[in-house]
Amino acid sequence: MGPHPAVAAIRLAVRRVLHDVLTDLSGPTGRAAGTPPLVLVACSGGADSMALASALAFEAPKLGIRAGGITIDHGLQAGSDLRAAEVVSRMTALRLDPVESVAVRVGRDGGPEAAARDARYSALDEAADRLGAAAVLLGHTRDDQAETVLLGLARGSGIRSLSGMAEVSGGPGRTRRYRRPFLHIDRQTARKACMVQSLPVWDDPHNIDPAYTRSRLRHEGLPALEKALGKGVVEALARTAQLSRDDADALDAWAADAEAGVRDEDGRLECAKLYALPPAVRRRVLRRAVVAAGSPAGSLFARHIEEVDRLITGWRGQGAINLPGRVEAQRQGGRLVIRQG
């Protein structure tokens, strides 16, 4: 008799991702020789990441992959260090090795949720570099994806924000470090997989705290949408994310190709040539230029790019536009000058 359907679903999702990791490492000619690659799971102790940890522990040895785990202690709740130690113990019981707990200090930039996320990814990047990990698996589910799409819609951040989380994304110098095997699996399936395997899970009280935007969306916003529109909202939002990502990727590639053609021989952006581009492509060229000048991508919002765009499309002699990272954009003699002040 085979495993429970929920367990089978999560194992299949992880197996597919591990095959992708091996393909990336070895290229089209086969497996690379040498030390077996290491794949880490980022585990909070919640149902999603515990289900992921158990599936990784089961599937990795069959493919000649070493499986380890990292838990991040954000220090935001009393006893967080003890809870992190407990998660380490649970991962060790699954025969993951190496297993570590990493304590971080959460700042305030961008609000509590964004600050915690930044601290978490920074710690995961450091651990992956130090341990030589080929990939880090994250337990985001289809439900998380739907929430991310709605948050992007509320911010009015454009199609890239609506594309949600990528199945594969990168860290510093590693464009394919992070893998999200569960983006097509619902949260309930992960929880069921833990239950039938008798895996203990920890429910983070922050996930039901109405002080957090995502928590309110999860427990109030999405249920209200499903009540008004019927079941299937989560699946539709996740599908929207994939379609939006395909469109955004195509537009980003177009903008990258177009950028060279709108610069003069000194590398300055020519306003007339920018004006001739489709708006979606032009705004992407402008965003690339602003980030290249030193503006942090995470602090650069649609409203910033719209202001810069008006220097091209609504020129009335206005002065310089101040942007995050002490970057300023100014129109001078038919050229757009973007530089740090």
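Residues numbered from 1 in each chain as written. Predicted model: local features only at pLDDT ≥ 70, side-chain atom pairs only at ≥ 80, totals over all residues. Heavy atoms only, no water.

The chain goes by tRNA(Ile)-lysidine synthase in an unreviewed UniProt entry, where it is assigned to Streptomyces racemochromogenes. According to its UniProt record, the chain has this under Catalytic activity (unreviewed entry): "cytidine(34) in tRNA(Ile2) + L-lysine + ATP = lysidine(34) in tRNA(Ile2) + AMP + diphosphate + H(+)". Quoted verbatim from the Sequence similarities (unreviewed entry) heading of the UniProt record, the comment on the chain is "Belongs to the tRNA(Ile)-lysidine synthase family." (UniProt positions renumbered as here; feature names shortened; annotations may be inferred.)

> Please explain the overall build of the chain as it appears in this structure.
Within the chain one finds twelve helices and ten strands. In terms of overall dimensions, the chain is globule-like: its C-alpha atoms have a radius of gyration of 22 Å, near the 20 Å expected for 341 residues. Seen through its principal axes, the chain has C-alpha atoms that stretch 70 × 55 × 35 Å. Burial status across the chain gives 45% buried among its 341 residues. Long-range pairs, those at least 24 residues apart, make up 65% of the contacts in the chain between residues at least 6 apart in sequence. About 17500 Å² of surface is accessible on the chain, with carbon and sulfur atoms providing 52% of the total. (Helix = DSSP H or I, 4+ residues; strand = E, 2+ residues; numbered from the N terminus. Rg over C-alpha atoms; globule rule 2.2 N^0.38 Å. Buried < 20%, exposed > 50% of the residue type's maximum accessible area, 1.4 Å probe, protein only. Contact = heavy atoms within 4.5 Å. Areas by Shrake-Rupley, 256 points an atom, 1.4 Å probe, with all protein chains shown as cover.)

> I tried to follow the sheet that holds strand β7 (residues 269–270) on my own but got confused; where do I start?
Pairing between the strands of a sheet is mediated by backbone hydrogen bonds and can be parallel or antiparallel. In spatial order, the strands read β7-β10-β9-β8; together these four strands make up an open sheet with antiparallel pairing. In the strand order of this sheet, the two ends are held by β7 and β8 (321–323), each with one partner. Its contacts with the sheet place helix α11 (residues 279–292) against β7, β8, β9 (327–332) and β10 (335–340), and it is angled at close to 35 degrees to β10. (Pairing = 2+ DSSP bridges. Axes fitted to C-alpha atoms, helices over the stretch in contact; angles between N-to-C directions.)

> Is there a simple way to think about the environment of Leu18 in this case?
Counting through the fold element by element, Leu18 comes out in helix α1 (residues 5–26). For Leu18, a relative accessible area of 0% puts it in the buried group. Sequence spacing of Leu18 and Ser49 is 31 residues, and the spatial spacing of their C-alpha atoms is 16 Å.

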